Amino acid sequence: MAVNETRVTLVGTVASEVALSTVGTGFSRAVFRMVSVERRFDRDLGRFVDGDRLFVSVTCWRGLAENVRASLGRGDPVVVTGKLRLHELRTEDVRRTHLSVEASAVGPNLLWCTAEPRRGGGPDPGFDPGSEPVSGVAGRGISESAGAAPTLPDVLAPRTEEQSVSVAEEALPVPF
C-alpha cells in the first residue's frame, strides 16, 4: 500500500458482464462495471426512492480476476474494496473523467444473496479442497506453519471441571 492512496469500499450491483483476459505479462485481468445507487426515504411519497447513481469500472488481477469471473455476473449484488483511480480522457474539445477501482477484494453482498465459499478452488471444477493445505503464515500451509494447528474436536471440546470459570470471573466492567 502506498502513502496517501485512496482506498474505498463500494456496495452496488454488477452492471456488465465480467470480461476476463490475459495481458502481455501473462497475468489474468477481469474488468466489469458496477453501479451504486443511493436510496433515500421520500417523506412526501412515503417510500424509498432512488437517488444518485455512481458507475465505476472495476479491475481485478491474477487469481482474484479468475475467481471473480467464475463467481459473479451481471445483476449480482457486490461489495468491492480497492484503490480509487480518476482517469482524465481528453479529445479535441471534450475533457471527460472516468472513475475506476483497482480491486484488492471482491465479494457478493450477502444482504441480497447467499454464497457457498470454496477455498482456493478457483475456476477449476475438479478441485478437491481437502487435497491442499489452507493458506497460512507467509504463504505456507497450516500444516507447515510453526506448531501444529488444533484439530476441530480440540477447538470445540467443552471445558473440564478444572477449567470451568464462573460468569462473574469472565465479566468485564462496563465503563459507563
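Residues numbered from 1 in each chain as written. Predicted model: local features only at pLDDT ≥ 70, side-chain atom pairs only at ≥ 80, totals over all residues. Heavy atoms only, no water.

Asker: Could you give an account of the overall build of the protein, naming the residues involved and the relevant values?
Answerer: A count of helical and extended segments in the protein gives three helices and six strands. In the protein, the order of α-helices and β-strands from amino to carboxyl end is β-β-β-β-α-β-β-α-α. Here the protein holds 176 residues, and 21% of them are scored as buried. For the protein, the proportion of contacts with a sequence separation of at least 24, taken over those separated by at least 6, is 52%. Total accessible area on the protein stands at roughly 13,500 Å², and carbon and sulfur atoms take up 53% of it. (Helix = DSSP H or I, 4+ residues; strand = E, 2+ residues; numbered from the N terminus. Buried < 20%, exposed > 50% of the residue type's maximum accessible area, 1.4 Å probe, protein only. Contact = heavy atoms within 4.5 Å. Areas by Shrake-Rupley, 256 points an atom, 1.4 Å probe, with all protein chains shown as cover.)

Asker: Give a description of the side chain of N109 that names residues and reports values.
Answerer: As for its placement among the helices and strands, N109 is situated in the loop between strand 6 (95–108) and helix 2 (152–156). Once residues within four sequence positions are removed from consideration, N109 is found in contact with V11, P77, V78 and V79.

Asker: Hey, could you go over unusual backbone geometry for me, with residue numbers and the actual values?
Answerer: You will see that N4, though not glycine, has its phi angle at about 60°, which is positive. The residue N4 is located in the segment before strand 1 (7–14) in this model. Exposure remark for N4: the relative accessible area of 74% places this residue in the exposed category. For R62, which is not glycine, the phi torsion reads 55° and is therefore positive. Overall, R62 belongs to the partly exposed group, its relative accessible area being 47%.

Asker: How would you explain the pattern of salt bridges if you had to name every residue and give the values?
Answerer: What the rule picks out here adds up to six salt bridges. A salt bridge links R39 to D50; the nearest nitrogen and oxygen atoms lie 2.6 Å apart. Of this pair, R39 sits in strand 3 (residues 28–42) while D50 sits in strand 4 (residues 47–61), placing them 11 residues apart in sequence. On the accessibility criterion, D50 (41% relative accessible area) is partly exposed. Measuring nitrogen to oxygen at the nearest pair gives 3.5 Å for the salt bridge that ties D50 to R53. For R53, a relative accessible area of 51% translates into the label exposed. (Salt bridge = Lys/Arg side-chain N within 4 Å of Asp/Glu carboxyl O.)

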